[in-house]
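The primary structure of each chain is shown beneath.
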Protein chains: 2
Amino acid sequence: MRTIIPFDATNPKSRLSPVLSPVERAAFANAMLGDVLEAIETTVLEPTVVTTAPLEVTLPVPVRVDDRPLDPLVNDVIEEGTPVAVLMADLPLLTPDAIRRLLDTEGDVVLGPGRGAGTNAMVVRDEAFSVDFHGASIRDHREIARQRDLSVGTVDSFRLSTDVDEPGDLLEVLVHGEDRAASWLESAGFEIQIEDGRPAAIRD
Amino acid sequence: MRTIIPFDATNPKSRLSPVLSPVERAAFANAMLGDVLEAIETTVLEPTVVTTAPLEVTLPVPVRVDDRPLDPLVNDVIEEGTPVAVLMADLPLLTPDAIRRLLDTEGDVVLGPGRGAGTNAMVVRDEAFSVDFHGASIRDHREIARQRDLSVGTVDSFRLSTDVDEPGDLLEVLVHGEDRAASWLESAGFEIQIEDGRPAAIRD
């Protein structure tokens, strides 16, 4: 299935600025993208990475540069034909099993909720759908589907729901990650420490 | 299956103090417990709520008062015989389907990870296991199982992973909840608002 993975190569993971330098953010974003591509590898998804700027790394999949905002970009992709999948690039806990469950879920539109009211993944099977990734996007995507009489399926996956935007999200990668992103954090000196009785990803 | 649901009736949901009064926290905790009990209703789980103090509400399931800390309490329950399930009381997004997936997962111990390195649910099928809910409990539970040569299964569920401890967690309830806890928040005046471009659960 045709699959789009949007990637911000311009100012990646800006909300991690309190804990990572710009160079580190770029390296970590690349590591997360690598984990996503590996999770896809054994599935039927045929990914194209759509990046806001040319990449410094070579990827094992097609890359297209498109610096438009996410909504018009994805909506054009949907108009080009369905089914099509959209997957975020910052899902370092993603597994082939979670992707298969996404693909096995019925619905004109299948949504993978992200923590914080986001939408981390979708399968669009009807061209009448369009996206709106701003604000509480999972709610808005349900509403768009409802207005257009499209059925909605939802996949219930912790791994798919875990996108990494903020320093607090790094703990999930250290605890549940097993691949590039987790290794990158460890090699950068992050570890699980208990602060005020609660676990956190800290580097001293 | 014998199932324990530990419940803090003494100072429930203390980390919600910045946004809820003590009376509100008690009411909201009861609403979440009600959602958990309803999700269980159509499954094979036979729950007992183990509460730190007598409850003011009447529940449709057995209630036992035990004010010991969580670890000795659960470890005694495991020693009394397996299989046994342990389920947190603050999982308002729980569904029968998520519980069935927990029960269908193989392993001497099956863990349901919670956001923030916690353990929100477990099925223990071997009495050699014991719990340690402090710190990064999901990591510690894996390690305890490893040390005792017990196999570990993990259920990948966003709904099971969503425990409600902090004000930031309330957004998940408003976005994905459909029952008591979500209704309680709405009737208390909480709604989804966009702050600095990001959704949040706010009451004015």
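See the structure above.
Everything numeric in this text was worked out from a predicted model, so none of it was measured.

Rules and cut-offs
Residues numbered from 1 in each chain as written. Chains lettered and ligands numbered in written order. Predicted model: local features only at pLDDT ≥ 70, side-chain atom pairs only at ≥ 80, totals over all residues. Heavy atoms only, no water. Helix = DSSP H or I, 4+ residues; strand = E, 2+ residues; numbered from the N terminus. 1 Å grid on protein atoms, 1.4 Å probe; cavity = no way out; pocket = protein on both sides within 12 Å on 5 of 7 lines; lining within 4 Å. Points joined across faces, edges and corners; volume = space filled by probe spheres on them. Nonpolar A, V, L, I, M, F, W, Y, C, P; charged D, E, K, R; others polar. Least-squares fit on C-alpha atoms with pLDDT ≥ 70 in both. Contact = heavy atoms within 4.5 Å. Buried < 20%, exposed > 50% of the residue type's maximum accessible area, 1.4 Å probe, protein only. Polar contact = N/O pair within 3.5 Å; in protein donor to acceptor, adjacent residues only side chain to side chain. Pairing = 2+ DSSP bridges. Axes fitted to C-alpha atoms, helices over the stretch in contact; angles between N-to-C directions. Buried area = accessible area lost by both parts, 1.4 Å probe. Salt bridge = Lys/Arg side-chain N within 4 Å of Asp/Glu carboxyl O.

Draft legend 1. Geometry of unusual backbone geometry. Cis geometry is adopted by the peptide bond preceding proline 83 of chain A, which originates at threonine 82 of chain A and carries an omega value of 0 degrees. With respect to the helices and strands, the residue proline 83 of chain A is situated in the loop between α2 (70-79) and β4 (84-87). Phi at aspartate 196 of chain B is positive, roughly 50 degrees, even though this residue is not glycine.

Draft legend 2. Main features of the layout of surface pockets. Of the pockets and cavities examined, the second largest pocket occupies roughly 480 Å³. Along the walls of the second largest pocket sit 25 residues, with Leu93, Thr95, Arg159, His176 and Glu178 of chain B positioned nearest its centre. Of all the elements in the fold, those that place two or more residues in the lining of the second largest pocket are β5 (109-114) and α4 (137-147) of chain A together with α1 (22-41), α3 (96-104), α5 (158-161) and α6 (170-176) of chain B. Residue classes in the lining of the second largest pocket are distributed as 11 nonpolar, 4 polar and 10 charged.

Draft legend 3. Seen up close, the relation of the copies chain B and chain A. In screw terms, the move from chain B to chain A is a rotation of 180 degrees and a rise of 0.0 Å along the axis, fitting with an RMSD of 0.0 Å. The symmetry that links the two subunits is that of a two-fold axis. Of all interface residues in chain B, 100% are interface residues in chain A too; the two copies therefore contact each other through one and the same surface.

Draft legend 4. The side chain of asparagine 120 of chain B, seen in detail. Residue and element names in this part refer to chain B. When you line up the elements, asparagine 120 lands in strand β6 (residues 118-124). On the basis of relative accessibility, which here comes to 2%, the residue asparagine 120 falls in the buried class. Polar contacts involving the side chain of asparagine 120 include one to the main-chain carbonyl oxygen of serine 161, which spans 3.2 Å. Leave out the neighbours within four places in its chain, and asparagine 120 touches Val86, Leu87, Met88, Leu91, Gly112, Pro113, Gly114, Leu160, Ser161, Thr162 and Asp163.

Draft legend 5. Looking closely at empty space enclosed by the protein. Evaluated as defined, the whole model comprises 1 cavity of 30 Å³ or more. Estimated volume of the largest cavity: approximately 40 Å³. Taken together, Arg115, Phe158, Ser161 and Thr162 of chain A together with Arg115, Phe158, Ser161 and Thr162 of chain B make up the full set of residues lining the largest cavity. Of all the secondary-structure elements, those providing two or more residues to the lining of the largest cavity are α5 (158-161) of chain A together with α5 of chain B.

Draft legend 6. Structural view of the sheet that holds strand β5 (residues 109-114) of chain B. All names here are of chain B. The 7 strands are arranged β3-β2-β1-β4-β6-β5-β7 in an open sheet whose pairing can be described as mixed. Pairing within the sheet leaves two strands with one partner each, and these edge strands are β3 (63-65) and β7 (152-154). Averaged over all pairs of adjacent strands, the angle between strand axes in this sheet comes to 25 degrees, irrespective of strand direction. Bridge analysis of β5 against β7 gives 3 bridges, and the strand direction is parallel.

Draft legend 7. Just the pairing of strand β9 (residues 198-202) of chain B, in detail. Residues and elements named next belong to chain B. Most of β9 sits out of view: 4 of its 5 residues are buried. Relative to β9, strand β8 (residues 191-195) runs antiparallel, the two sharing 5 bridges. Across the sheet, residue glutamate 195 finds its bridge partner in β9, namely arginine 198. Between β8 and β9, which pair antiparallel one after the other, the connecting turn spans 2 residues, and aspartate 196 there sits at a positive phi close to 50 degrees.

Draft legend 8. Examining the interface of chain B and chain A more closely. The interface of chain B with chain A comprises 29 residues on the first partner and 29 residues on the second. For the pair chain B and chain A, the two sides together bury roughly 2,500 Å², of which 51% comes from carbon and sulfur. A per-residue breakdown of the area chain B buries against chain A is headed by Arg115, Asp156 and Phe158 of chain B, which together make up 27% of the total. Between chain B and chain A we count 8 salt bridges in total. The residue glutamate 166 of chain B makes a salt bridge to arginine 198 of chain A at a minimum N-O spacing of 3.9 Å. Seen at the junction of chain B and chain A, the total is 16 residue pairs in polar contact (both at pLDDT 80 or more). Mapped by element, the contributors of at least two residues to the side of chain B that touches chain A are α3, α4 (137-147), α5, α6, β8 and β9 of chain B. In terms of residue count, α6 of chain B provides more of the side of chain B that touches chain A than any other element does, 4 residues in total.

Honestly, that's just the spatial picture; any functional story needs more than this.
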